[in-house]
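The lines below spell out each chain.
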Number of protein chains: 2
Amino acid sequence: MESRIGRGAGGTAQAEPVSVPELLAHARTLCAAPLRASVARLVAPMDTVAAYHFGWIDQDGAPAHGDSGKAVRPALALLSARAVGAPAEAGVPGGVSVELVHNFSLLHDDLMDGDETRRHRATAWTVFGPAQAILVGDALATLGTEVLLDAAVTGGASPTDAARAVRLITTATRKLIDGQAQDLSFEHRDVVTVEECLEMEGNKTGALLAAASAIGAVLAGADDRTSDALQRYGHHLGLAFQAVDDLLGIWGATEVTGKPHWGDLRQRKKSLPVAAALAEGGAASRRLAEELADPKGRGEESEPQLAARAALIEEAGGRSWTQDEARRQHKTALAALDEVPMADTVREHFVALAEFVVVRER
Amino acid sequence: MESRIGRGAGGTAQAEPVSVPELLAHARTLCAAPLRASVARLVAPMDTVAAYHFGWIDQDGAPAHGDSGKAVRPALALLSARAVGAPAEAGVPGGVSVELVHNFSLLHDDLMDGDETRRHRATAWTVFGPAQAILVGDALATLGTEVLLDAAVTGGASPTDAARAVRLITTATRKLIDGQAQDLSFEHRDVVTVEECLEMEGNKTGALLAAASAIGAVLAGADDRTSDALQRYGHHLGLAFQAVDDLLGIWGATEVTGKPHWGDLRQRKKSLPVAAALAEGGAASRRLAEELADPKGRGEESEPQLAARAALIEEAGGRSWTQDEARRQHKTALAALDEVPMADTVREHFVALAEFVVVRER
């Protein structure tokens with residue numbers, strides 16, 4: 001992978017190192033108050049459920065400083081405003097919107113998938129029940145549109161640009177839902193092709209990162225060409241992110257991911273390493289296919305059996321293919337960035353955020 | 001209640017009788033193709049789940065001609081376009097949008113409430129599982145926005161008017177969710193005031209009917225004053241509708257409502273007749289309050305016990321108060337209509353639809 005600085009400054013200048021934690025903290029700070037104001041619109045007890053989900057309070061209602069997520073999406077939204085010469089503040093309604101929509105999908109996906117922990121805490125549906133998780137998810141998705149419409153009233157965006165931003169987030173939301181539907185439907189199948197897997201991941205992860213990477217620019221009046229290129233950056237960054245996530249889902253340590261060990265294998269998730277391993281067609285690939293087609297012992301695999309399956313996937317090239325894929329997508333994301341003229345500092349930040357997203361694999 | 005014709009024509013002309021079934025059928029016909037095209041955008045199996053929910057196919061996927069609902073909301077949307085002199089067609093994206101959002105709320109509410117039948121058929125979550133009901137509900141809500149944004153591209157609306165329509169549907173959607181949250185929270189309480197009940201019903205039913213009654217006009221460029229008055233018509237119509245629905249929930253025949261006998265009493269629903277009866281404060285009112293506060297035998301009431309409770313509510317004046325309330329709201333709805341200049345035919349149709357909605361009590 002190319003060095004961040006070399007690429008960020010077009011290979012010429014030696015820029016200051018970019019602090020991604022600072023970038024993310026800045027985005028969290030700028031978006032915190034409007035995000036809380038947005039959530040405060042909800043009638044009780046939805047406001048409480050949302051505050052718990054965001055990590056602002058604990059189960060007993062006491063203030064908490066839980067993990068609200070890394071805020072990569074808001075950071076991208078703010079950066080995209082700066083990409084067209086606007087201040088980061090112009091991207092705030094976009095940052096809040098993508099964060100709301102992202103958390104809508106987390107609330108609903110955790111319930112649909114039956115996941116009981118998220119960010120090292122009990123998921124909202126396990127604490128407040130399924131109905132509240134459904135309801136608050138619905139509410140956050142709606143607020144994600146409202147905050148953009150409000151941007152035209154109080155946030156300095158033109159009504160036309162606010163409407164373009166609404167289009168962006170709405171399309172992303174539908175793709176997000178499509179992706180979750182595809183992901184769920186894969187559970188009932190033994191084999192999923194690499195292409196199907198990439199399409200699902202493009203919908204489930206790429207679409208919202210694409211919207212995040214352009215929404216601030218759109219609010220600030222970016223033309224379609226700029227918006228398209230920034231969206232492409234975000235889309236491929238999402239695919240890179242997801243490839244890394246799929247690797248961590250099998251080979252990641254629980255302490256790092258906050259998810260159960262071998263979780264994706266236990267759930268027989270049709271992720272990229274599995275799809276790539278099955279596509280390879282060699283001896284290990286065929287053995288993997290046989291194992292996955294065998295209904296015997298399904299869901300009751302022991303740790304050593306899961307470890308052996310992970311080794312089989314690796315032997316069939318699933319791990320290295322996915323690592324390569326993450327690099328390819330990362331590269332394509334950076335290439336899209338090159339199409340947009342922007343200040344060197346802003347470009348460096350985009351490059352640094354992309355590396356931050358992909359670097360988790362190491 | 002005033003006669004439809006007399007009022008519709010301003011008390012002067014003897015207009016042709018308005019056929020509400022024809023109005024509704026016309027709305028269903030105009031909205032059918034775009035509604036199906038919208039749903040066809042969803043990836044499998046969401047398109048199937050949605051088609052089942054709308055009554056287009058049966059559980060085995062065979063074409064069906066199930067009850068898709070009366071289409072009161074689409075009819076209002078089309079009529080509102082005509083109120084400002086535009087053709088009904090100009091309101092079609094609005095009609096499709098309110099129908100999508102309405103069905104989003106049905107899919108999610110049925111799941112949250114654990115309701116197993118709707119329109120005399122098994123609810124979608126009982127057939128396809130909770131995850132699909134969540135997912136397809138999410139998708140329909142999103143399509144409800146997309147179809148309005150598309151109206152600016154292909155439907156003849158200006159981008160500004162499309163954005164105003166998006167604002168209308170988004171606000172209505174959030175209120176809808178607020179109303180469902182309030183309704184659910186009432187389940188954990190013994191007593192709910194009439195005011196709380198009206199606020200909940202205004203959100204849960206009034207908001208979307210308000211949006212429906214103005215969205216076609218907004219798409220056709222109506223000014224805010226016209227939009228506000230039409231929304232007020234819809235809001236109060238919604239409250240009238242809900243009052244009638246609450247009456248039917250207790251005293252309605254199963255064959256008519258498609259819902260279980262004494263259903264609302266069995267579920268101890270805090271509906272208007274109950275709230276009004278509890279507020280009355282006389283002997284019957286106090287006995288009702290005692291019964292509802294008693295945890296003994298909760299959820300195991302026999303038919304005669306439920307019939308006795310219904311009689312108690314009636315004795316405390318809950319039935320007649322709610323009947324009066326339906327009439328009051330109906331009258332307020334018609335008064336709002338008087339603020340908007342429109343063709344006599346269109347006004348007559350609005351009046352006829354309002355009567356259709358309220359007439360169910362008889």
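Criteria and cut-off values
Residues numbered from 1 in each chain as written. Chains lettered and ligands numbered in written order. Predicted model: local features only at pLDDT ≥ 70, side-chain atom pairs only at ≥ 80, totals over all residues. Heavy atoms only, no water. Helix = DSSP H or I, 4+ residues; strand = E, 2+ residues; numbered from the N terminus. Rg over C-alpha atoms; globule rule 2.2 N^0.38 Å. Buried < 20%, exposed > 50% of the residue type's maximum accessible area, 1.4 Å probe, protein only. Phe/Tyr/Trp six-rings, centres within 6.5 Å; stacked < 30°, edge-to-face > 60°. Lys NZ or Arg CZ within 6 Å of the ring centre and 35° of its normal. Core = buried A, V, L, I, M, F, W, Y, C linked by side-chain atoms within 4.5 Å. Contact = heavy atoms within 4.5 Å. Least-squares fit on C-alpha atoms with pLDDT ≥ 70 in both. 1 Å grid on protein atoms, 1.4 Å probe; cavity = no way out; pocket = protein on both sides within 12 Å on 5 of 7 lines; lining within 4 Å. Points joined across faces, edges and corners; volume = space filled by probe spheres on them. Buried area = accessible area lost by both parts, 1.4 Å probe. Salt bridge = Lys/Arg side-chain N within 4 Å of Asp/Glu carboxyl O. Polar contact = N/O pair within 3.5 Å; in protein donor to acceptor, adjacent residues only side chain to side chain. Nonpolar A, V, L, I, M, F, W, Y, C, P; charged D, E, K, R; others polar. Lys, Arg positive; Asp, Glu negative; His and termini not counted. Expected span 1.5 Å × (residues − 1). Axes fitted to C-alpha atoms, helices over the stretch in contact; angles between N-to-C directions. Parallel < 35°, antiparallel > 145°, perpendicular 65-115°, else oblique. Left-handed = near helix turned anticlockwise from the far one by under 90°. pLDDT = per-residue confidence, 0-100.

Q: Explanation requested: the overall build of chain A in the structure shown.
A: From N to C terminus, chain A includes 17 helices and two strands. Against the globule reference of 21 Å for 362 residues, chain A gives a C-alpha radius of gyration of 21 Å, in line with a compact fold. Expressed as lengths along the three principal axes of its C-alpha atoms, the size of chain A is roughly 60 × 55 × 30 Å. Scored against the burial criterion, the 362 residues of chain A give a buried share of 57%.

Q: Mind showing me how you'd approach the packing of aromatic side chains here?
A: How two aromatic rings sit relative to each other is set out by the distance from centre to centre and by the angle between their planes. Residues and elements named next belong to chain B. Enumeration over the complete set of coordinates arrives at six aromatic pairs over all chains. Ring geometry for Phe54 against Trp56: centres 4.8 Å apart, planes inclined by 15°, an arrangement best described as stacked. A cation sits over an aromatic face here: Arg121 above Tyr52, 4.1 Å from the ring centre. Positioned over the ring face of Trp321 is Arg328, at 5.2 Å from the centre of the ring.

Q: Explain the nonpolar core here, please?
A: Here is a general trend for soluble globular proteins: nonpolar side chains tend to be buried in one another's company. Counting residues in each nonpolar core, the largest one holds 204 residues, and the members touching the most others are Leu140, Tyr233 and Phe350 of chain A together with Leu140, Tyr233 and Phe350 of chain B. Excluding residues within four positions of it along the chain, Phe350 of chain B makes contact with Leu76, Leu79, Ser80, Ala83, Ser213, Leu230, Tyr233, Leu337 and Met342 of chain B.

Q: Would you mind going over the relation of the copies chain A and chain B with me for this structure?
A: Note that the two copies of the chain are related through a rotation about an axis and a translation along the same axis. Rotating chain A by 180° about the axis while translating it 0.0 Å along that axis superimposes it on chain B, leaving an RMSD of 0.0 Å. The transformation relating the two chain copies, once decomposed into turn and shift, fits a two-fold axis. Judged by C-alpha distance, Ala163 of chain A is the residue of chain A that lies nearest the rotation axis, at 2.9 Å.

Q: What's the story with empty space enclosed by the protein in this structure? I'm lost.
A: Space left empty within the atom packing is revealed by a probe, the size of a water molecule, rolled over the atoms. What the rule picks out here adds up to six cavities of 30 Å³ or more. Taken as a whole, the largest cavity encloses approximately 240 Å³ of empty space. Along the walls of the largest cavity sit 17 residues, with Ala141 and Thr142 of chain A together with Ala141, Thr142 and Thr145 of chain B positioned nearest its centre. For the lining of the largest cavity, the elements supplying multiple residues, two or more each, are helix H5 (92-113), helix H7 (130-151) and helix H8 (159-186) of chain A together with helix H5 (92-113), helix H7 (130-151) and helix H8 (159-186) of chain B.

Q: Help me understand the interface of chain A and chain B in this model?
A: The parts lose accessible area when they come together, and the size of an interface is often stated as this lost area. On the chain B side, the residues contacting the 35 residues of chain A number 35 residues. Taken together, both faces of the contact between chain A and chain B bury some 3100 Å²; the carbon and sulfur share is 70%. Inspection of the chain A/chain B interface yields four salt bridges. The residue Arg174 of chain A makes a salt bridge to Glu146 of chain B at a minimum N-O spacing of 2.4 Å. Between chain A and chain B we count eight residue pairs in polar contact (both at pLDDT 80 or more) in total. Among the secondary structure elements, those contributing two or more residues to the side of chain A that touches chain B are H5, H7 and H8 of chain A. The element best represented in the side of chain A that touches chain B is H8 of chain A, accounting for 14 residues. Of the residues belonging to the side of chain A that touches chain B, the class tally is 18 nonpolar, 10 polar and seven charged.

Q: Any chance you could explain helix H3 (residues 46-53) of chain B here in plain terms?
A: An α-helical turn contains 3.6 residues, so a residue and the one three or four places further along point in the same direction. When you tally the buried positions in H3 of chain B, you get six out of eight residues, the bulk of the element. By the burial criterion, the buried members of H3 of chain B are Met46, Val49, Ala50, Ala51, Tyr52 and His53 of chain B. Those residues of H3 of chain B that are buried lie in contact with H8 of chain A together with helix H2 (20-39), H5, strand E2 (121-122), helix H6 (124-128) and H7 of chain B. A positive backbone phi angle near 85° is found at Gly55 of chain B, which sits one or two residues after H3 of chain B.

Q: Teacher, can you tell me more about the side chain of Asp109 of chain B here?
A: All names here are of chain B. Mapped onto the elements, Asp109 comes out in helix H5. An unpaired buried charge is present at Asp109: no salt bridge exists, and Lys204, the closest side chain of opposite charge, is 4.1 Å distant. Setting aside anything within four residues of it in sequence, one finds Asp109 in contact with Gly114, Gln180 and Lys204.

Q: Help me out: how do you make sense of H5 of chain A in this one?
A: With 22 residues, H5 of chain A should reach 32 Å at 1.5 Å per residue; the first-to-last C-alpha distance of 31 Å fits that figure. Of all 22 residues making up H5 of chain A, 21 are buried, and the element is well covered by its neighbours.

Q: Would you mind going over the packing of helix H9 (residues 194-219) of chain B against helix H13 (residues 272-280) of chain B with me for this structure?
A: The axes of two packed helices give the description: the angle between them and the distance between them. Residues and elements named next belong to chain B. Their axes nearest at 9 Å, the elements H9 and H13 cross at an angle of 165°. Considered as vectors, H9 and H13 are oriented roughly antiparallel to each other. In terms of crossing hand, the pair formed by H9 and H13 is left-handed. Each of Val194, Cys197, Leu198 and Glu201 in H9 lies in contact with H13, whose residues at this interface are Leu272, Ala275, Ala276 and Ala279. Looking at the contact of H9 with H13, its residues break down into seven nonpolar, no polar and one charged.

Q: What is the right way to look at the environment of Ser105 of chain A in this model?
A: All names here are of chain A. Within the secondary structure, Ser105 sits in helix H5. Once the C-alpha coordinates of Ser105 and Thr193 are considered, the two residues, 88 residues apart in sequence, prove to be 25 Å apart. Within the local environment of Ser105, its side chain forms a polar contact with the backbone oxygen of His102, the two atoms lying 2.8 Å apart.

Q: Please clarify how the pattern of salt bridges should be interpreted in this entry.
A: Note on pairing: side chains with opposite charge can pair once their charged atoms come close. All names here are of chain A. As enumerated under the stated definition, the model contains 38 salt bridges over all chains in all. With a closest N to O distance of 2.8 Å, Arg309 and Glu291 form a salt bridge. Residue Arg309 is found in helix H15 (residues 303-315), and its partner Glu291 is found in helix H14 (residues 283-293); the two are separated by 18 residues along the sequence. When its relative accessible area of 7% is taken as the criterion, Arg309 is described as buried.

Q: Mind showing me how you'd approach the confidence of the model for chain A here?
A: Parts of the model with low pLDDT should not have their predicted coordinates read in detail. Taken residue by residue, chain A gives an average pLDDT of 90. The fraction at 70 or more is 93%. With pLDDT under 50 throughout, residues 1-13 of chain A is counted as low confidence; its partners more than four residues away or in other chains account for 28 contacts.

Q: So what exactly am I meant to see when it comes to unusual backbone geometry here?
A: What you tend to see is this: most non-glycine residues have negative phi, and most peptide bonds are trans. Note the cis peptide between Ala44 of chain A and Pro45 of chain A, where omega equals 0°. With respect to the helices and strands, the residue Pro45 of chain A is situated in the loop between helix H2 (20-39) and helix H3 (46-53). Even without being glycine, Ala71 of chain B reaches a positive phi, approximately 70°. Relative to the elements of secondary structure, Ala71 of chain B occurs in the loop between H3 and helix H4 (72-83).

Q: Which parts of the structure should I look at to understand the packing of helix H9 (residues 194-219) of chain A against helix H10 (residues 224-251) of chain A?
A: All names here are of chain A. The geometry of H9 relative to H10 is characterised by a closest axis approach of 6 Å and an angle of 140° between their N-to-C directions. Considered as vectors, H9 and H10 are oriented oblique to each other. Our pair here, H9 against H10, has a crossing hand that is right-handed. The residue makeup of the contact of H9 with H10, split by class, is 12 nonpolar, 10 polar and two charged.

Q: So what exactly am I meant to see when it comes to the environment of Val346 of chain A here?
A: Residue and element names in this part refer to chain A. Locating Val346 in the fold gives a position in helix H17 (residues 344-358). A residue is classified by how much of its surface remains accessible, and Val346, at 3% relative accessible area, is buried. For the pair Val346 and Val84, spaced 262 residues apart in the sequence, the C-alpha separation amounts to 9.5 Å. Discounting residues that sit within four places of it in the chain, Val346 has contacts with Leu79, Arg82 and Ala83.

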